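Each chain, written out:
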Amino acid sequence: MNLLITGGAGFIGSNLIRHVIDKPEITKLVNLDSLTYAGHLENLDGIHGVHLRYIFEKVDLRNKDEVLRVVRQHDITHVMHLAAESHVDRSISGPGDFITTNINGTFHLLEACRSHWQTRNQEPGTKNLFLHVSTDEVFGSLGPTGFFTEETSYAPNSPYSASKAASDMLVRAYHHTYGLPTLITNCSNNYGPFQFPEKLIPVVIQSILARQSIPVYGDGMNVRDWLYVGDHCEALWTVLTAGKPGETYNIGGHNEKANLHLVRLICDLIDEMQPALGGSSRDLITFVTDRPGHDRRYAIDAGKIERDLGWVPAHTFETGIRETVAWYLQNQAWCQSVLSRH
Ligand code: NAD
């Protein structure tokens, strides 16, 4: 396969490229990324500019002609579409980029694939696939019980989740209208190495190391279902290689945690790993005004991908969070470098 990964310089995309680059099914892997504040080529050290199968295209998804050029020039057969504006807080303060990148950008990529796959001279047996990576936030907020399934109605509550929901709908429509071989995944919150330090876990770690207050929204009782990024990458590869076109798969970690409990756990882990910091890091926790429209609880029923495709997460939350905290402690130079540019 000639695989196009969009957003490969971001958090999940860079982990995904590391995860799949040596798979024997791949002939070449093209990383399309415009390198926004969230995209960093040092996330791909050891691959970018080094690996023979790897090609980088600095392209903005909002440039329709350039997106088509990349798909045609590299004769792309498979797509894993991750590039997006991804931070809910930024979507509240400035929703414009979320509309143009997440919706228009996805439209441009769908059009490019539709055009190329309908006109290229296909080798007999050549398979094309367009895997669209989405979020559980499209389903809105749950009460204290219940889970999101693939049949749950969409009810997005932030400009971020609304833009992702719109892009999911476009992907669905391209399958039903044009027969484009699409797959959609809706995943819960990821954690792991290379997450830009604006999201909860790296923000907490950086605050503790700087002995600054740790901001916790509202009463801290908003619940998220956490999945180790490496498990997400394996789930995406499983869906690409074994999923049924036209289907949607939910991906989750069976790890529901209230934000406050997660923050306390990180405090305790850092106190254990870096006793020289002195004092209890829990004392740094500060409750701040809640995010507008903050969804209370997300929880994924990942039964379909487990039953149909045999994927289950390999990491427990206890091992994944310990590895993640240790990675940030050992990679402070990376954190300072990516933060210093924004
Ligand atoms: P990220 O913000 O870390 O990375 C996004 C990448 O997309 C960056 O490299 C950025 O440069 C690139 N990008 C942004 N706008 C672009 C544009 N116009 N053209 C080309 N490239 C552009 O995001 P992430 O956390 O790695 O998330 C990746 C995908 O997974 C997103 O689609 C997101 O909605 C989805 N997702 C994320 C999570 C999570 O917990 N992080 C959970 C579920 C789903």
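One structure accompanies this document, and this report is about it. (Residues numbered from 1 in each chain as written. Predicted model: local features only at pLDDT ≥ 70, side-chain atom pairs only at ≥ 80, totals over all residues. Heavy atoms only, no water.)

## Here's the deal with the layout of surface pockets
- Quantified by volume, the second largest pocket comes out at close to 340 Å³.
- If you trace the second largest pocket, you find 17 residues lining it, with E150, R172, I184, G246 and T248 closest to the centre.
- Elements with a contribution of two residues or more to the lining of the second largest pocket: helix 5 (159–178) and strand 6 (182–187).
- For the lining of the second largest pocket, the element with the highest residue contribution is helix 5, accounting for 5 residues. (1 Å grid on protein atoms, 1.4 Å probe; cavity = no way out; pocket = protein on both sides within 12 Å on 5 of 7 lines; lining within 4 Å. Points joined across faces, edges and corners; volume = space filled by probe spheres on them. Helix = DSSP H or I, 4+ residues; strand = E, 2+ residues; numbered from the N terminus.)

## What about the sheet that holds strand 3 (residues 54–57)?
- With respect to topology, 7 strands assemble into an open sheet ordered 3-2-1-4-5-6-10, the strand pairing being parallel. Only two strands of the sheet have a single partner each, and these edge strands are strand 3 and strand 10 (248–251). Mean inter-strand twist for the sheet, computed between neighbouring axes without regard to direction, equals 20 degrees.
- Pairing of strand 5 (residues 129–135) with strand 6 involves 6 bridges; the strand directions are parallel. Of the residues in strand 6, the one forming a bridge with V133 is T185.
- The strands touched by helix 5 are strand 5 and strand 6; relative to strand 5, the strand with the most contacts, the crossing angle is about 155 degrees. (Pairing = 2+ DSSP bridges. Axes fitted to C-alpha atoms, helices over the stretch in contact; angles between N-to-C directions. Contact = heavy atoms within 4.5 Å.)

## Some thoughts on the packing of helix 2 (residues 64–73) against helix 4 (residues 96–119)
- As a packed pair, helix 2 and helix 4 sit with axes 9 Å apart at the nearest point and diverge in direction by 40 degrees. By the criterion of interaxial angle, the relationship of helix 2 to helix 4 is oblique. Once helix 2 is placed against helix 4, the crossing between them reads as right-handed. On helix 4, the residues that touch K64, V67, L68, V71 and R72 of helix 2 are F107, H108, L109, E111, A112, C113, S115 and H116. (Parallel < 35°, antiparallel > 145°, perpendicular 65-115°, else oblique. Left-handed = near helix turned anticlockwise from the far one by under 90°.)

## Description of the sheet that holds strand 7 (residues 189–191)
- Strand order in this open sheet of 3 strands is 7-9-11, and the pairing throughout is mixed. Strands with a single pairing partner mark the edges of an open sheet, and in this sheet they are strand 7 and strand 11 (256–258). Neighbouring strand axes in the sheet, compared pairwise and without regard to direction, differ in orientation by 50 degrees on average.
- Most of the contacts of helix 8 (residues 259–273) go to strand 11, to which it runs at about 85 degrees, and overall it touches strand 9 (223–228) and strand 11.

## Brief notes about empty space enclosed by the protein
- What the rule picks out here adds up to 1 cavity of 30 Å³ or more.
- Empty space within the largest cavity amounts to approximately 80 Å³.
- Each residue belonging to the lining of the largest cavity can be placed in one class, and the counts come to 4 nonpolar, 5 polar and 4 charged. (Nonpolar A, V, L, I, M, F, W, Y, C, P; charged D, E, K, R; others polar.)

## Observations concerning the pairing of strand 2 (residues 28–32)
- Counting buried positions along strand 2 gives 4 out of 5 residues, so the element sits mostly inside the fold.
- Running through helix 1 (residues 11–20), the crossover from strand 1 (residues 2–6) to the neighbouring parallel element strand 2 is right-handed.
- When strand 2 meets strand 3, the two strands line up parallel, connected through 4 bridges. Across the sheet, L32 pairs through a bridge with E57, a residue of strand 3. (Buried < 20%, exposed > 50% of the residue type's maximum accessible area, 1.4 Å probe, protein only. Right-handed = clockwise from strand over helix to strand, strands pointing away.)

## Some words on the nonpolar core
- The biggest cluster of nonpolar side chains holds 36 residues, and the ones touching the most others in it are L3, I5, L29, M80 and I305.
- Put simply, the parts of the chain that give this core at least two residues each are strand 1, helix 1, strand 5, strand 6, helix 7 (229–242), strand 10 and helix 9 (303–309).
- The element that contributes the greatest number of residues to this core is helix 7, accounting for 7 residues.
- Apart from the residues within four sequence positions on either side, L29 is in contact with L3, I5, I17, V20, I21, R53, Y54 and I55.
- With 30 residues, the next largest nonpolar core counts V216, L269, V325 and L329 among its residues. (Core = buried A, V, L, I, M, F, W, Y, C linked by side-chain atoms within 4.5 Å.)

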